[in-house]
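Each chain, letter by letter, is given below.
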Amino acid sequence: MLEYKLLINGTWADSSTNDTFDDINPATLEKLATLQVASSDDVDRAVKSAWDAFTTWSETPPPKRAQVLFKAARILEERKEELATLLTQEMGKVISEARGDIQEAIDITLYAAGEGRRMFGETTTSELKNKFCMTILRPIGVIGMITPWNFPMAIPAWKVMPALVAGNTVVMKPASDTPLLTIKMVEVLMEAGLPPGVINLVFGPGGTVGSAIVHHPDIRAISFTGSLETGKWIMSECGKVMKRVSMELGGKNPIIVMDDADIDSAVDGVIWGAFGTTGQRCTAASRVIVHEKVKAAFTDKLLARTRTLKLGDGLLPETDVGPVINLSQLDKIEKYTRIGQDEGAVLLTGGNVVKPGLAGYFFEPTIFTDVDQDMRIAQEEIFGPVVALITVSGLEEAIEVANNTVYGLSSSIYTKDITSAFRAIEKIDAGITYINSSTIGAEVHLPFGGVKGTGNGFREAGTDAVKEFTEVKAVYFDYSGKLQKAQID
Ligand code: UN1
């Protein structure tokens, strides 16, 4: 049985608490590892180690920092299958999606490594003679990262890789349900030559360890992916001390199915978006806004397809839908199916906890129809295999319904009409809009993030990846040999 201590200054160090917690396979309830819980003193040691490493790392030229990432990407590629298997065991998602999670980590590692030769600033003229102006990018310092369990390697990689290439050092707390893939990623980075102390890992509950990171006076910025509720708390705590925060929070992502849509393709998109990753993506399609003219045909096909989905252990090739992550998520999903029925929505299929010959946490793919746009099941993020069908009579109403949410991450429209597609692109309040494709599957060279309750204006990955982890400095270089006054001379 694996037992992990904390990673501080490149070595595995005992925590100062005697507490541990277990990492469990959600399909089988088999124990995978035990981890030590950090105290706030341990977080403090991790922060000191990150600052000790900062001078040398931040002074290392970005293309040299990038060499570590290029090498790490090669090692991740070599170990992809082994890591994907562990990811399915730890998180539950089916093996093809686990491979995708590792691939996304490899992709962002290579993309961020490329940024090592693209740390561009701007040069411009001055309003004064003999003066030159430019901008440069500087690292922020020690960054605190708090990551979720649904993309155990991809999301930590989205944060870590751009932060490292930009010259920052890191104290990271991975989700307690899935710490192993973060540990593996950091081990690979160290094998690729990352100096000790550049990344430090602490484990334990958000309420204590996460809070110690958020409140640590020497952590300059927090990068968080998780729930809206926790995000609001982190932002308000950081607001009190003007700490920089970047947030990737929830979604209530709609797929609009217009009356001219290719119905089979829309059904494929909804199955993939709503039940892929057992609905546990912040980009998951949790609302389907369907035109009344195609509602019956669409619903029949969706129901038929949903009933063929096979639940089980994600390692088996025949499994379509894996377990949900833990018991409290299972209870939450079950609670929402009761709420939906109490609100008067029609439960078309699913709604039950099941045991497909395994001890783990399984929930049937669930469809509600005749959902009113203001019902709780159409408003609150459930984070499970539950989708709400809402009927509309036209595009304008569909877009209004799509926007009737506190979130704004992903969105999609199925239509053959160019005008409808462009109207949706223009009018849907979201960070991502797909045309004739599901709400999931963002690629790493495009910016990822959302509006309203989904975020605070930052984007991860894409050309914005490094912006999350750098500060811009404006530089004025005066070679006139005398005092020149802007706005006055
Ligand atoms: C998430 O669910 O938090 O676009 C991230 C997607 C994936 C990333 C999802 N590439 O669905």
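1. A short note on the packing of aromatic side chains
- Tallying each qualifying case throughout the model produces 4 aromatic pairs.
- Between the aromatic rings of Trp 149 and Phe 383, the centroid separation amounts to 5.5 Å while the plane-to-plane angle is 85°, which identifies the pairing as edge-to-face. Residue Trp 149 is found in the loop between strand S8 (142-146) and helix H5 (154-165), and its partner Phe 383 is found in the loop between helix H12 (376-379) and strand S19 (386-392); the two are separated by 234 residues along the sequence. Across the pair, exposure class does not vary: Trp 149 and Phe 383 are buried alike.
- In this structure, Arg 118 is placed above the aromatic ring of Tyr 111, and the distance from its NZ or CZ to the ring centre is 5.8 Å.

2. Examining a negative patch on the surface
- A surface patch of like charges, here negative, comprises Glu 77, Glu 78, Asp 107 and Glu 443.
- Along the chain, the position of Glu 78 falls in helix H2 (residues 62-78).
- On the basis of relative accessibility, which here comes to 66%, the residue Glu 78 falls in the exposed class.

3. Some thoughts on the environment of Asp 42
- Following the sequence through the fold, Asp 42 ends up in helix H1 (residues 40-59).
- Put simply, Asp 42 and Ile 146 are 104 residues apart on the chain and 16 Å apart in space, counted from C-alpha to C-alpha.
- Not counting the four nearest positions on each side in its chain, Asp 42 is found in contact with Leu 6, Ile 8, Ser 15, Ser 16, Thr 17, Val 37 and Val 202.
- Here Ser 16 takes part through its backbone nitrogen, which lies 2.9 Å from a polar atom of the side chain of Asp 42.

4. Things to note about the pairing of strand S11 (residues 221-225)
- In terms of residue burial, S11 counts as a mostly covered element, since 5 of its 5 residues are buried.
- Burial along S11 is two-sided: Ala 221, Ser 223 and Thr 225 and Ile 222 and Phe 224, pointing in opposite directions, are all buried.
- The pairing of S8 with S11 spans 4 bridges and is classified as parallel. Bridging from a neighbouring strand, Ile 146 pairs with Phe 224 of S11.
- The sheet contact formed by S11 and strand S12 (residues 244-248) spans 5 bridges and is parallel. Following the sheet pairing, Ser 223 is matched in S12 by Ser 246.

5. Focus on the site of the ligand
- The full set of residues close to the ligand is Glu 104, Asn 150, Phe 151, Ile 155, Trp 158, Arg 281, Cys 282, Thr 283, Ile 440, Gly 441, Ala 442 and Phe 448.
- Contact between the ligand and Thr 283: an oxygen atom at 2.8 Å from a side-chain N or O atom of the residue.
- In this structure, an oxygen atom belonging to the ligand sits 2.6 Å away from a main-chain N or O atom of Ala 442.
- The fraction of the free accessible surface of the ligand (320 Å²) that becomes covered by protein chains is 98%.
- Per-class residue counts for the shell around the ligand are 7 nonpolar, 3 polar and 2 charged.
- Counting contributing residues, the shell around the ligand receives three or more from each of domain 1 (2-249 + 455-474) and domain 2 (253-435).

6. Remarks on the sheet that holds strand S15 (residues 346-349)
- Pairing is mixed in the open sheet, where 7 strands are placed in the order S15-S18-S19-S14-S13-S20-S21. In the strand order of this sheet, the two ends are held by S15 and strand S21 (434-435), each with one partner.
- Pairing geometry for strand S20 (residues 412-414) and S21, over 2 bridges, is parallel. Across the sheet, residue Ile 413 finds its bridge partner in S21, namely Ile 435.
- Running over the sheet, helix H11 (residues 327-343) touches S15, strand S18 (366-369) and S19 and is turned about 20° from S18.

7. A word on the domain arrangement of the chain
- Domains assigned within the chain are domain 1 (2-249 + 455-474) and domain 2 (253-435).
- A straight line from the C-alpha centre of domain 1 to that of domain 2 covers 31 Å.
- Contact residues are listed per partner, giving 22 residues for domain 1 and 27 residues for domain 2.
- Summed over both partners, the interface of domain 1 with domain 2 buries about 2000 Å², with 67% contributed by carbon and sulfur atoms.
- It is Ala 27, Glu 97 and Trp 149 in domain 1 that bury the most area against domain 2; as a group they hold 25% of the surface buried on that side.
- The interface formed by domain 1 and domain 2 contains 1 salt bridge.
- Of the charged contacts in the structure, one is a salt bridge between Glu 97 and Arg 281, with a shortest N-O distance of 3.7 Å.
- Elements represented by at least two residues in the side of domain 1 that touches domain 2 include exactly helix H3 (80-91) and helix H4 (95-115).
- Ranked by the residues each element gives to the side of domain 1 that touches domain 2, the list is headed by H3, at 5 residues.
- Here the residues of the side of domain 1 that touches domain 2 are counted per class, giving 10 nonpolar, 7 polar and 5 charged.

Definitions and cut-offs
Residues numbered from 1 in each chain as written. Predicted model: local features only at pLDDT ≥ 70, side-chain atom pairs only at ≥ 80, totals over all residues. Heavy atoms only, no water. Phe/Tyr/Trp six-rings, centres within 6.5 Å; stacked < 30°, edge-to-face > 60°. Helix = DSSP H or I, 4+ residues; strand = E, 2+ residues; numbered from the N terminus. Buried < 20%, exposed > 50% of the residue type's maximum accessible area, 1.4 Å probe, protein only. Lys NZ or Arg CZ within 6 Å of the ring centre and 35° of its normal. Patch = residues over 30% accessible without salt bridge, like charges linked within 9 Å, V, L, I, M, F, W, Y side chains within 5 Å. Areas by Shrake-Rupley, 256 points an atom, 1.4 Å probe, with all protein chains shown as cover. Salt bridge = Lys/Arg side-chain N within 4 Å of Asp/Glu carboxyl O. Lys, Arg positive; Asp, Glu negative; His and termini not counted. Charge placed at Lys NZ, Arg CZ, Asp CG, Glu CD. Contact = heavy atoms within 4.5 Å. Polar contact = N/O pair within 3.5 Å; in protein donor to acceptor, adjacent residues only side chain to side chain. Pairing = 2+ DSSP bridges. Near = heavy atom within 4 Å. Nonpolar A, V, L, I, M, F, W, Y, C, P; charged D, E, K, R; others polar. Domains from an automatic or database assignment. Axes fitted to C-alpha atoms, helices over the stretch in contact; angles between N-to-C directions. Buried area = accessible area lost by both parts, 1.4 Å probe.

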